[in-house]
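Working through the structure, step by step
Each chain is listed here by its residues.
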Amino acid sequence: MLDKPLLFLTIGLLVFGLAMVFDASVADATRTFQDKFFYLKRQAMWAGLGLAAMFSLSQLSYKIWKKTAVWLFWGTIVLLVLVLIPGIGVTALGASRRLGFGAFGVQPAEIAKLTLTIFLSASLSGNNSFLRYAFPAALTCLLIVLEPDMGTTAVVALSSLAIYFASGAKILNILGVLASGLIGGLVLALSSSYRRERILTFLDPHSDPANTSYHVRQILIAIGSGGFWGLGLGQSRQKHLFLPEPATDSIFAIISEELGFIGAVCVILAFLFLVVRGYQIASRVNDPFAKLLAVGITSWIAVQTFINLSAMVAIIPLTGVPLPLVSYGGSSLFVTLSGIGILLNIAKSEARK
């Protein structure tokens, strides 16, 4: 029997996400592709593939991942290297993050969220030495930074640190990693003009409303326009080519505009319940590998959700991180559902015991 709270929360967020992707993308899809269902059809295809993967993996013993962890990790490293090679990686908007042909492709950085989680869980469940954690985590983060993709790097770094912490790491080691990550992040941010502009925009959102701070201002306008009850489903004004990326990174702004404070809180609570359920599953598991794997998958979803929502309300600088299960994006959706499938199997195995 699959864990019902986790399953229902996942499917509920997925169905809600499909509805909001269609809603938020109508204007852009009609203008660009002359097909208002363009984004919905693609997202529905990935949702179907993701659900198939989730239910399949929920029936496949989680123990198999410990045996294949090394191959999965190094296979992902190869993909992360390939995406950086000109002519192989697909370059868009100054970044090379995708492998594929035409409109179809996969993002190795999304795959890395799951495979690094599996590898660290397998490695640290037997010996939680610092080097076993630091080398694979640092190598993965370095390759993702080179794409460049700071948002995904932050998700991978923090979720892998959660696995290291759960393995029984010393607090001094954790603090050292956090301090090093903060210093490294600042250096990377200040060494790049576009990252530096994002930080300056975060510090002063009104500095350049027509250029660097445009995206943030449109997000805040959308959220503020929703008020308490919202403008009504389908009634967003910002999705009509005012707000950049309305169906992907900025979809929460459209949700807040149309469903208001009440709708936004309901979405946040749904994610909160999902994360709490994930940690409850982890707390009940006796197998060290399964425990770390459950912590890692749950932490990755929690961190990614936190970063996306925090950027939407200007608590942190704006970064391109999708809202799990809700934002448009095939690779992210498929890998997230696959991770939840493994988590469901862990819960099922523990229930049998």
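This write-up is about the structure you can find in this document. Source: prediction; values computed, not measured.

Some words on the side chain of Ser25
- Here Ser25 shows up in helix 1 (residues 4-33).
- In contact with Ser25, other than residues within four places in its own chain, are Tyr39 and Ala247.

Let's talk about a nonpolar patch on the surface
- On the surface, Leu158, Phe165, Ile171, Leu172, Leu175 and Leu178 cluster together into a nonpolar patch covering about 620 Å² of accessible area.
- For the nonpolar patch, the secondary-structure elements that each account for two or more residues are helix 6 (150-166) and helix 7 (171-191).
- Residue contributions to the nonpolar patch peak at four residues, all from helix 7.
- By the element assignment, Ile171 lies in helix 7.

Describing the packing of aromatic side chains
- According to the stated counting rule, one finds 14 aromatic pairs in the structure shown.
- One aromatic cluster in this structure is built from Phe33, Phe38, Tyr39 and Tyr328.

Remarks on helix 4 (residues 108-124)
- Given a rise of 1.5 Å per residue, 17 residues ought to cover 24 Å, and the 23 Å separating the end C-alpha atoms of helix 4 matches this to within 8%.
- The principal kink in helix 4, of about 25°, is found at Leu114.
- A large share of helix 4 lies buried, amounting to 16 of its 17 residues.

Let's talk about the pattern of salt bridges
- Within this structure, the stated rule accounts for six salt bridges.
- Here Lys239 and Glu258 are joined by a salt bridge, their closest N and O atoms 3.6 Å apart. With a gap of 19 residues between them, Lys239 in the loop between helix 9 (214-226) and helix 10 (251-283) and Glu258 in helix 10 connect regions that are remote in the sequence. In terms of burial, Lys239 and Glu258 fall into one category: buried.
- In this structure, a network of salt bridges that share partners links the residues Asp23, Lys239 and Glu258.

Thoughts on the side chain of Ser331
- Inspection of the secondary structure assignment puts Ser331 in helix 12 (residues 330-352).
- For Ser331, a relative accessible area of 10% corresponds to the buried category.
- When sequence neighbours within four positions are dropped, the list of residues in contact with Ser331 reads Gly105, Val106, Gln107 and Glu110.

Here we look at the nonpolar core
- Among the nonpolar cores identified, the biggest contains 91 residues, and Tyr133, Ile342 and Ile346 are the most heavily contacted of them.
- No other element matches the 14 residues that helix 11 (residues 288-312) contributes to this core.
- Aside from chain neighbours lying at most four places away, what touches Ile342 is Leu57, Trp65, Leu114, Ile118, Leu293 and Ile297.

Quick notes on unusual backbone geometry
- Cis geometry is found at the peptide bond from Glu147 to Pro148, where omega equals 0°.
- On the secondary structure map, Pro148 appears in the loop between helix 5 (130-145) and helix 6.
- Notably, Ala314 is not glycine yet its phi reads approximately 60°, a positive angle.
- Tracing the backbone shows Ala314 in the loop between helix 11 and helix 12.

Reading the values: the criteria
Residues numbered from 1 in each chain as written. Predicted model: local features only at pLDDT ≥ 70, side-chain atom pairs only at ≥ 80, totals over all residues. Heavy atoms only, no water. Helix = DSSP H or I, 4+ residues; strand = E, 2+ residues; numbered from the N terminus. Contact = heavy atoms within 4.5 Å. Patch = residues over 30% accessible without salt bridge, like charges linked within 9 Å, V, L, I, M, F, W, Y side chains within 5 Å. Areas by Shrake-Rupley, 256 points an atom, 1.4 Å probe, with all protein chains shown as cover. Salt bridge = Lys/Arg side-chain N within 4 Å of Asp/Glu carboxyl O. Phe/Tyr/Trp six-rings, centres within 6.5 Å; stacked < 30°, edge-to-face > 60°. Expected span 1.5 Å × (residues − 1). Bend = angle between axes of the 7 residues up to and from the residue. Buried < 20%, exposed > 50% of the residue type's maximum accessible area, 1.4 Å probe, protein only. Core = buried A, V, L, I, M, F, W, Y, C linked by side-chain atoms within 4.5 Å.

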